[in-house]
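# Structural features, examined
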Amino acid sequence: MMRGIAAMMVAYFHIARGNPNYLDTSNLFFQVGAYGWAGVEIFFVISGFIITYAMFHGGYKLTRVHKFLAKRLIRLEPPYIISIVLVMLLMYVSTLSPHYRGQPLNFDWWNIIGHLGYVNAFTGAKWLQDVYWSLAIEFEFYLGLALLYPLLVHKTKTISLCTMLALVGMTFVPAGESHVFQYLPFFCMGILLSLRMAKKYSNTEFSILFAIVAAICYYKFGHVLTGLGALTILVISFLKTVPKQLAWLGHISYSLYLLHIPIGGRIINISEVLIKNQNLRVVMVFVALAVTLICAHFFYKLVEKPFQNKSKSIKY
């Protein structure tokens, strides 16, 4: 559910506010999406929790790192790569419209190749769509956790606690916003909850460590993102019943995240030329969201779900 809410936050942000010429800044529906981008940080908290949780219950060991990476790559990369192809195709189709007002299409193939392995995070090259930067962050997190997890669950509590503190401290590594270090407080919130549920940390240890992480998060990101991170932890901890609609939204969240700009954003850009009335433009924001949700549903069924099943078949 929280993945679904986070994906919807980001989708609404980009659809309602991505085109600066679409809605007036005074429009309520423009203002509502002001913090929609923060859905990405919610994703980071969820990843910290669920990946650690899965590793614990799957009996992960460092000798099985290849299986861990295979599971993540099979689960996430095919939808990502297919979305890149879809983005390129839609970019080309857009140039065929008589209303197209952008630059002539000229693909930078080295840039496109740099999307594979998330090389663009290191070269600084522009992503084909904005959301891809966060997938690079997630992948770096998977690599780091694959190496550090055995120390986080080490039977010697001192080693476990020192590893956790070192991981939190890595957030001050001056690597910039393109790499995982900047966002480690959010991932660590999720990791801490997972280790608490696994009974690796007592309530006291969890509380002290979480207070340290929250303080660092507040120092670096302010009260809004820190509060959203803490709220995500509370929801995961205590919410037991999820409405079917929100559960469905959670299932298609990755597909929604990948498709909302190339599909929903494109609907907005097309309607900007055809519709000038602000009220009708607000209606089009929700039409764009609805169309994107439908497309995400089928993308999930036809693309994401089959690879998700293949990923589940791999055991640590």
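Note that the structure is a prediction, hence the values are computed from the model and not measured. (Residues numbered from 1 in each chain as written. Predicted model: local features only at pLDDT ≥ 70, side-chain atom pairs only at ≥ 80, totals over all residues. Heavy atoms only, no water.)

## Here's the deal with the overall build of the chain
For clarity, the cut-off: Secondary structure elements follow DSSP: runs of H or I of four or more residues count as helices, runs of E of two or more count as strands, with numbering from the N terminus. Throughout, exposure labels follow a simple rule: accessible area from a 1.4 Å probe, protein chains only, divided by the maximum for the residue type, with under 20% read as buried, over 50% as exposed, and the rest as partly exposed. Here a residue-residue contact requires only that any non-hydrogen atoms of the pair lie within 4.5 Å. Only the protein chains shown count as cover for residues, and the accessible areas themselves come from Shrake-Rupley with a 1.4 Å probe.
Within the chain, the secondary structure is distributed over 14 helices and zero strands. Going from the N terminus to the C terminus, the chain shows its helices and strands as α-α-α-α-α-α-α-α-α-α-α-α-α-α. Relative to its 316 residues, the chain shows a buried fraction of 46%. Restricting the contact set of the chain to residue pairs at least 6 apart, pairs at least 24 apart contribute 76%. When the accessible surface of the chain is split by element, carbon and sulfur atoms take 68% of a total near 15700 Å².

## A look at the pattern of salt bridges
Close approach of charged atoms allows side chains of opposite charge to pair. To be explicit about the condition: We define a salt bridge as a contact between a side-chain nitrogen of Lys or Arg and a carboxyl oxygen of Asp or Glu at a distance within 4 Å.
Scanning the model with the defined rule gives two salt bridges in all. A salt bridge links Arg75 to Glu304, with the shortest nitrogen-to-oxygen separation between them at 2.9 Å. Here Arg75, found in helix H4 (residues 65-95), pairs with Glu304, found in helix H14 (residues 278-312); they are 229 residues apart in sequence, far enough to count as distant. An identical accessibility class is assigned to Arg75 and Glu304; each is buried. The partner of Lys157 in a salt bridge is Glu205, and the shortest N-O contact between them spans 3.0 Å. Separated by 48 residues along the polypeptide, Lys157 in helix H8 (residues 157-169) and Glu205 in helix H10 (residues 203-221) bring together distant segments of the chain.

## Looking at unusual backbone geometry
For Tyr118, which is not glycine, the phi torsion reads 55 degrees and is therefore positive. Mapping Tyr118 onto the fold places it in the loop between helix H5 (109-113) and helix H6 (120-123). Look at Tyr118 and you get buried, because its relative accessible area is 5%.

## Some thoughts on the packing of aromatic side chains
Under the convention used in this document: Classification of ring pairs uses Phe, Tyr and Trp, with its six-membered ring standing for Trp, and accepts pairs whose centres are within 6.5 Å; under 30 degrees between planes counts as stacked, over 60 as edge-to-face, and the remaining range as tilted. A positively charged side chain is recorded as over a ring if its NZ (Lys) or CZ (Arg) lies within 6 Å of the ring centre. The angle to the ring normal must also be within 35 degrees.
Overall, the coordinates contain 21 aromatic pairs when judged by the stated rule. With 5.7 Å between their ring centres and 90 degrees between their planes, Phe29 and Phe286 make a pair best called edge-to-face. Of the two residues, Phe29 is situated in helix H2 (residues 28-31) and Phe286 in helix H14; the sequence distance between them amounts to 257 residues. The interplanar angle of 55 degrees and the centroid separation of 5.3 Å between the aromatic rings of Phe44 and Tyr183 together place this pair among those described as tilted. With a gap of 139 residues between them, Phe44 in helix H3 (residues 39-57) and Tyr183 in the loop between H8 and helix H9 (184-197) connect regions that are remote in the sequence. Neither Phe44 nor Tyr183 differs from the other in exposure class; each is buried. Through successive ring pairs, a cluster of aromatic residues spans Phe44, Trp133, Phe141, Tyr142, Tyr183, Phe186, Phe187 and Phe221. Above the plane of the ring of Tyr142 lies Arg72, whose end atom (NZ or CZ) is 4.9 Å from the centre.

## With respect to a nonpolar patch on the surface
Just so we agree on the cut-off: Think of a patch as exposed residues, more than 30% relative accessible area, with no salt bridge, where like charges cluster within 9 Å and nonpolar side chains (Val, Leu, Ile, Met, Phe, Trp, Tyr) cluster within 5 Å.
Together, Ile81, Val85, Trp110, Ile113 and Leu116 make up a nonpolar patch on the protein surface, roughly 550 Å² of accessible area in all. At the level of secondary structure, the elements contributing two or more residues to the nonpolar patch comprise H4 and H5. Summarising the element assignment, Trp110 is placed in helix H5.

## Overview of the side chain of Asn111
Applicable threshold: We define a polar contact as two N or O atoms separated by no more than 3.5 Å, with the added condition that, inside protein, one atom must be a possible hydrogen donor and the other a possible acceptor, whereas residues neighbouring each other in sequence contribute only through side-chain atom pairs.
The topology assignment puts Asn111 in helix H5. A distance of 2.7 Å separates a polar side-chain atom of Asn111 from the backbone oxygen of Lys126. Apart from residues no more than four positions distant in its own chain, Asn111 is found in contact with Asn120, Ala125 and Lys126.

## Focus on the nonpolar core
When a protein is soluble and globular, its nonpolar side chains tend to lie buried together. Put simply, the rule is: Joining through side-chain atoms within 4.5 Å is the link that ties buried Ala, Val, Leu, Ile, Met, Phe, Trp, Tyr and Cys residues into a set, and such a set is a nonpolar core.
Membership of the largest hydrophobic core comes to 91 residues, with the highest contact counts inside it found for Tyr132 and Met164. If near-sequence neighbours (up to four positions away) are discounted, Met164 is found in contact with Leu152, Cys188, Ile191, Leu192, Tyr201 and Leu209.

## Thoughts on the packing of H4 against helix H7 (residues 132-152)
The condition is simple: Helix axes are fitted only over the stretch in contact, all axes being lines through C-alpha atoms; the angle between N-to-C directions runs from 0 to 180 degrees. Roughly parallel covers angles under 35 degrees, roughly antiparallel covers those over 145, roughly perpendicular covers 65 to 115, and oblique covers all other angles. Side-chain classes are defined by residue name, with Ala, Val, Leu, Ile, Met, Phe, Trp, Tyr, Cys and Pro counting as nonpolar, Asp, Glu, Lys and Arg as charged, and the others, Gly among them, as polar.
Close contact between H4 and H7 brings their axes to 11 Å; oriented N to C, the two are set at 170 degrees. Put simply, H4 runs roughly antiparallel to H7. In this structure, H4 contributes Val65, Phe68, Leu69, Arg72, Leu73, Leu76, Tyr80, Ser83, Ile84 and Val87 to the contact, and H7 contributes Tyr132, Leu135, Phe139, Tyr142, Leu143 and Ala146. Split into classes, the residues belonging to the contact of H4 with H7 amount to 14 nonpolar, one polar and one charged.

## Quick look at H9
Our working definition: A helix is expected to span 1.5 Å multiplied by its residue count minus one.
With 14 residues, H9 extends 20 Å from end C-alpha to end C-alpha; this agrees with the ideal 20 Å at 1.5 Å per step. Of all the 14 residues making up H9, 12 are buried; the element is thus mostly covered by neighbouring parts of the structure. Among the residues making up H9, those that are buried are Leu184, Pro185, Phe186, Phe187, Cys188, Met189, Gly190, Ile191, Leu192, Leu193, Ser194 and Leu195. In this structure, the buried side of H9 is in contact with H3, H7, H8, H10 and helix H11 (223-238). Lys199 lies just past H9 and shows a positive phi near 65 degrees.

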